[in-house]
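A structural walkthrough
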Amino acid sequence: MAAEGENLAAGRIRMGRPGAVGAGRDRFGLSGTSQSYDPRTVAIRPDLADIAVAGQHFAPHYAAPMMSSCVLPSAILRSAPSLDADQTSELLFGEAFALLDLTGGWAWGYCLADHYVGYLAADALGAPIAPTHRVRASEALLHSAPDAASGGSAVLPRGALVMGEPEGEWLATAHGYLPLAALVEADAAESDAASVAEEMIGAPYVWGGRTANGIDCSGLVQLAWGAAGVQLPRDSDLQLAALDADKDVDPSTLQRGDLVFFPGHVGIMADASNIIHASRRWMAVKVEPLADVIARSAAKGQEPPVSGYKRLK
């Protein structure tokens, strides 16, 4: 798919104006010791860091990010600039990416919504957009014309962001036409996060995934609550910390929409006794009795088996 304007060219560029650490104009002093940080959400490499952390963390150079957006249906975020590197997350069409460095066809920076740091293929990025709508269907075909019989150029996943103008029952974008029935306004909040998770039942489990083509446990929760208007961090431990969820919860008090956290895992309650989660055991999004998941967790010696929950208000 073509971006609005050209995709970011492969090569080597540094965004913004890097400045060496030290005193002086356009330079930054670090007083005291460098603070500890989480490399998942703080953009620091041995050679370069986000200018936002100048004065808090040491780096030989700092760069101001250049905003971009994903121009592919989805793009894999990796831990290193290599196709063999682990997938850590996924950027969806139209989502913003803060670009700090572009080297040899790889873009380094962070997903703007959750600040998750990693590498994307450079051709996945293009000019930033001001989204007007969000895909609310599990998938939406991008048509070549405002006609259901027209061919499609791409299938956009749930949560993808688009910019366009309504034309009858269609949204006209720079890339094609989307049926308005598959969209909501970009800032609209859906009423039931659990229903979004239910749409993903049967989707394969993929570490770092965020779409119906593959999703992990925290990606499922992030997608569901994001549709309901609450932006959560990417990983389950970060989600638990951000929500300041209750500890040692009595499972009999749980209700639909509650989040249940286990060590390294999270799911969302479908009702008082069943949980929807992207399960590594089943390698798919599945609904099963919470009691079964608790029993498996306890059998592994994990205590407490339920480490917290938080209801979407």
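First, a word on scope: everything that follows refers to the structure included in this document. (Residues numbered from 1 in each chain as written. Predicted model: local features only at pLDDT ≥ 70, side-chain atom pairs only at ≥ 80, totals over all residues. Heavy atoms only, no water.)

**Observations regarding the overall build of the protein chain**
Condition: Note on conventions: DSSP H or I runs of at least 4 residues are helices, E runs of at least 2 residues are strands, and numbering of each starts at the N terminus. A simple rule labels every residue: compare its accessible area, found with a 1.4 Å probe on the protein chains alone, to the largest value its type can have, and call it buried under 20%, exposed over 50%, or partly exposed in between. Whether two residues are in contact is decided by their heavy atoms: any pair within 4.5 Å suffices. Accessible surface area values rest on a Shrake-Rupley calculation with a 1.4 Å probe, where residue burial reflects the displayed protein chains alone.
A tally of helices and strands in the protein chain yields four helices and 25 strands. Taken over 313 residues, the protein chain has a buried fraction of 48%. Within the protein chain, residue pairs in contact and separated by at least 24 positions form 59% of the contacts whose partners lie at least 6 positions apart. As presented, the protein chain carries roughly 13,900 Å² of accessible surface, and 54% of it is formed by carbon and sulfur atoms.

**A look at the nonpolar core**
To be explicit about the condition: Among buried residues, those of type Ala, Val, Leu, Ile, Met, Phe, Trp, Tyr and Cys that are joined through side-chain atoms within 4.5 Å constitute a nonpolar core.
Counting 28 residues, the largest nonpolar core has Trp225, Leu259, Ile268 and Val285 as the members making the most contacts within it. Broken down by secondary-structure element, the contributors of at least two residues to this core are helix H1 (193-199), helix H2 (217-227), helix H3 (236-243), strand S21 (259-262), strand S22 (265-269) and strand S23 (274-279). With seven residues, H2 is the largest single contributor of residues to this core. Cys70, Leu91, Cys111 and Leu120 belong to the second largest nonpolar core, which has 14 residues in total.

**Overview of the environment of Leu77**
Checked against the element boundaries, Leu77 lands in strand S5 (residues 74-78). A residue is classified by how much of its surface remains accessible, and Leu77, at 0% relative accessible area, is buried. With 42 residues separating them in the primary sequence, Leu77 and Tyr119 have C-alpha atoms 5.4 Å apart. In contact with Leu77, other than residues within four places in its own chain, are Asp86, Gln87, Thr88, Ser89, Glu90, Phe97, Cys111, Tyr116, Val117, Gly118, Tyr119 and Leu120.

**Observations regarding the side chain of Ser279**
Basically, it comes down to this: Two N or O atoms form a polar contact when they lie within 3.5 Å of each other; inside protein one atom must be a possible hydrogen donor and the other a possible acceptor, and for residues adjacent in sequence the pair counts only when both atoms belong to side chains.
Assignment of secondary structure puts Ser279 in strand S23. According to the relative accessible area criterion, Ser279 is buried, its value standing at 3%. Separated by 3.1 Å, the side chain of Ser279 and the backbone nitrogen of Arg281 make a polar contact. Leave out the neighbours within four places in its chain, and Ser279 touches Tyr205 and Ala284.

In short, geometric facts, not functional conclusions.
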